[in-house]
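Overview (structure and organization)
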Amino acid sequence: MRVAITGANGFLGSHLVDAALAAGHEVVGVVRRPGEQLPREGVRWVHGDLSDPSSLRRAFARVDAVIANAALAPGRQAASDDAFEVANVQGARHQVAAAADADVGRVVYLSTVAVYRTRLGRRLHEGSERIDPARRGFDWNQLTTDPRYARSKAAAEQAVWQEAATRGVALTALRPGPIYGERDHKMTARYVAMVRRWPCFAPTVRLPHVHARDVADVAVSATGRPATAGRAYNVTGPSVAVATALTHLARALGRPRPVPIPLPLSVRFDDTRAQRDLGFAPRGVAQGMAEVATFVQGGGVGAVRR
């Protein structure tokens with residue numbers, strides 16, 4: 001197929017490009033500044049801006065499927081509530097509408113587990129309660145995620161389902177997270193910085209750790225599985241103690257073992273639906289952190305490499 005990927009030059013976007021090419025697809029990499037991207041066989045870089053629906057319509061012309069990945073990510077302290085609204089809610093709606101206008105009937109939307117109301121110790125499934133975008137109260141996911149991002153992505157999911165239903169687009173939503181892996185300048189870069197310090201104190205709170213390539217493989221797989229349209233899927237992998245993940249990374253980097261700080265909290269998600277319908281098979285955190293270490297030792301930290 002010819003697959004358009006928005007935000008193709010970002011962390012997850014770059015892994016989506018890799019996965020699509022590995023699956024034998026042609027890739028249309030939709031970015032705001034295509035002239036800055038290095039040429040790559042099998043990839044055509046085109047302009048597309050979430051705030052400009054006409055640019056997205058042009059970018060999606062003559063493609064078979066769209067992976068709607070572009071969004072304003074958490075951690076950008078300078079971003080206002082309005083910026084998250086424009087990029088993540090309006091931008092998500094624009095991507096689905098532009099696909100419909102370009103006669104693309106298949107869209108895979110990248111959401112996040114941050115849309116759920118976190119319940120410690122419970123295994124959250126796709127039907128679990130989600131946060132109210134209009135509510136400003138506390139939720140446990142605020143300990144790891146910018147609440148503005150979580151609210152905007154919850155509103156964005158509502159928007160894309162409504163738009164898809166109105167425009168007749170076959171939509172699948174994926175809810176990954178937290179995502180780590182090569183080329184990540186956020187969570188993974190923080191982990192690398194932590195194990196490079198001594199002593200490294202690591203909490204034993206258990207969180208999902210899903211590698212970006214595993215998320216990307218599922219997203220690309222979903223483009224060719226129309227039976228998954230109309231459904232949402234958790235894409236998380238098992239919950240692992242942060243101390244355990246850091247221990248694997250430290251060992252792979254030849255660093256001292258982190259000092260665990262007991263914190264008996266756990267956040268878990270049920271991703272059996274993704275395993276059954278999409279072939280989701282997450283790698284173990286030991287393997288994933290070893291791959292991160294190899295990348296770091298080769299000179300990579302957070303930059304996108306081609």
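First, a word on what this report is: a plain description of the structure on this page.

Concerning the overall build of the chain
Scanning the chain from terminus to terminus reveals 9 helices and 15 strands. Taken over the C-alpha trace, the chain has a radius of gyration of 19 Å; the compact-globule value for 306 residues is 19 Å, and the two agree within 12%. Principal axes of the C-alpha set define a box for the chain whose edges measure 55 × 45 × 40 Å. Per-residue burial over the chain gives 55% buried out of 306 residues. Contacts in the chain between residues at least 24 apart in sequence constitute 76% of all its contacts with a sequence separation of at least 6. Of the accessible surface of the chain, which amounts to about 13200 Å², a share of 51% is contributed by carbon and sulfur atoms. Charged side chains in the chain number 41 positive and 27 negative. The centres of these two groups are separated by 5 Å.

A look at the pairing of strand 7 (residues 170–176)
Counting buried positions along strand 7 gives 6 out of 7 residues, so the element sits mostly inside the fold. Pairing geometry for strand 5 (residues 106–110) and strand 7, over 5 bridges, is parallel. In the strand pairing of strand 7, valine 108 is matched with threonine 172. Relative to strand 12 (residues 232–235), strand 7 runs parallel, the two being bridged by 4 bridges. Residue arginine 175 lies in a different strand from strand 12, and its bridge partner there is asparagine 234.

Quick word on the packing of aromatic side chains
Taken as a whole, this structure holds 1 aromatic pair when the rule is applied. Both rings, one in tyrosine 116 and one in phenylalanine 269, keep their centres 5.7 Å apart while their planes meet at 40°; by these two values the pair is tilted. Note that tyrosine 116 is positioned in the loop between strand 5 and strand 6 (123–124) and phenylalanine 269 in strand 15 (residues 268–269), a separation of 153 residues in sequence. When its relative accessible area of 0% is taken as the criterion, tyrosine 116 is described as buried. Its end group placed over the ring of tyrosine 233, arginine 273 keeps NZ or CZ at 5.9 Å from the ring centre.

A few points about the side chain of threonine 223
Along the chain, threonine 223 falls in helix 6 (residues 212–223). Classification of threonine 223 by relative accessible area gives buried; the value is 5%. Within polar-contact distance, the side chain of threonine 223 engages the backbone oxygen of valine 220 at 2.6 Å. Those residues in contact with threonine 223 that sit more than four places away from it in its chain are Met1, His25, Ala65, Ile67, Arg106 and Val108.

A short note on the sheet that holds strand 12
With parallel pairing, 7 strands are arranged side by side in an open sheet as 3-2-1-4-5-7-12. The outermost strands of the open sheet, each flanked by one partner alone, are strand 3 (43–47) and strand 12. Sheet twist, expressed as the average angle between the axes of neighbouring strands with direction ignored, equals 20°. Of the strands in this sheet, strand 1 (2–6), strand 4 (65–68), strand 5 and strand 7 touch helix 3 (residues 81–101), which is tilted by about 170° from strand 5. Relative to strand 5, helix 6 is tilted by about 160°, and along the sheet it contacts strand 4, strand 5, strand 7 and strand 12.

Comments concerning the packing of helix 1 (residues 11–22) against helix 6
Look at helix 1 against helix 6: their axes get within 8 Å of each other, and the N-to-C directions meet at 55°. Judged by the inter-axis angle, helix 1 sits oblique to helix 6. The way helix 1 lies across helix 6 gives a crossing that is right-handed. For the pair formed by helix 1 and helix 6, the contact residues are Phe11, Leu12, His15, Leu16, Ala19 and Ala20 on the first element and Ala212, Arg213, Val215, Ala216, Asp217, Ala219 and Val220 on the second. For the contact of helix 1 with helix 6, the residue count by class is 10 nonpolar, 1 polar and 2 charged.

Some remarks on the packing of helix 3 against helix 4 (residues 147–167)
Here helix 3 crosses helix 4 at 20°, and the two axes come no closer than 9 Å. The orientation of helix 3 with respect to helix 4, classified from their angle, is roughly parallel. In this structure, helix 3 meets helix 4 at a crossing whose hand is right-handed. Among the residues making up the contact of helix 3 with helix 4, the classes are represented as 12 nonpolar, 3 polar and 8 charged.

Basis of the calculations
Residues numbered from 1 in each chain as written. Predicted model: local features only at pLDDT ≥ 70, side-chain atom pairs only at ≥ 80, totals over all residues. Heavy atoms only, no water. Helix = DSSP H or I, 4+ residues; strand = E, 2+ residues; numbered from the N terminus. Rg over C-alpha atoms; globule rule 2.2 N^0.38 Å. Buried < 20%, exposed > 50% of the residue type's maximum accessible area, 1.4 Å probe, protein only. Contact = heavy atoms within 4.5 Å. Areas by Shrake-Rupley, 256 points an atom, 1.4 Å probe, with all protein chains shown as cover. Lys, Arg positive; Asp, Glu negative; His and termini not counted. Charge placed at Lys NZ, Arg CZ, Asp CG, Glu CD. Pairing = 2+ DSSP bridges. Phe/Tyr/Trp six-rings, centres within 6.5 Å; stacked < 30°, edge-to-face > 60°. Lys NZ or Arg CZ within 6 Å of the ring centre and 35° of its normal. Polar contact = N/O pair within 3.5 Å; in protein donor to acceptor, adjacent residues only side chain to side chain. Axes fitted to C-alpha atoms, helices over the stretch in contact; angles between N-to-C directions. Parallel < 35°, antiparallel > 145°, perpendicular 65-115°, else oblique. Left-handed = near helix turned anticlockwise from the far one by under 90°. Nonpolar A, V, L, I, M, F, W, Y, C, P; charged D, E, K, R; others polar.

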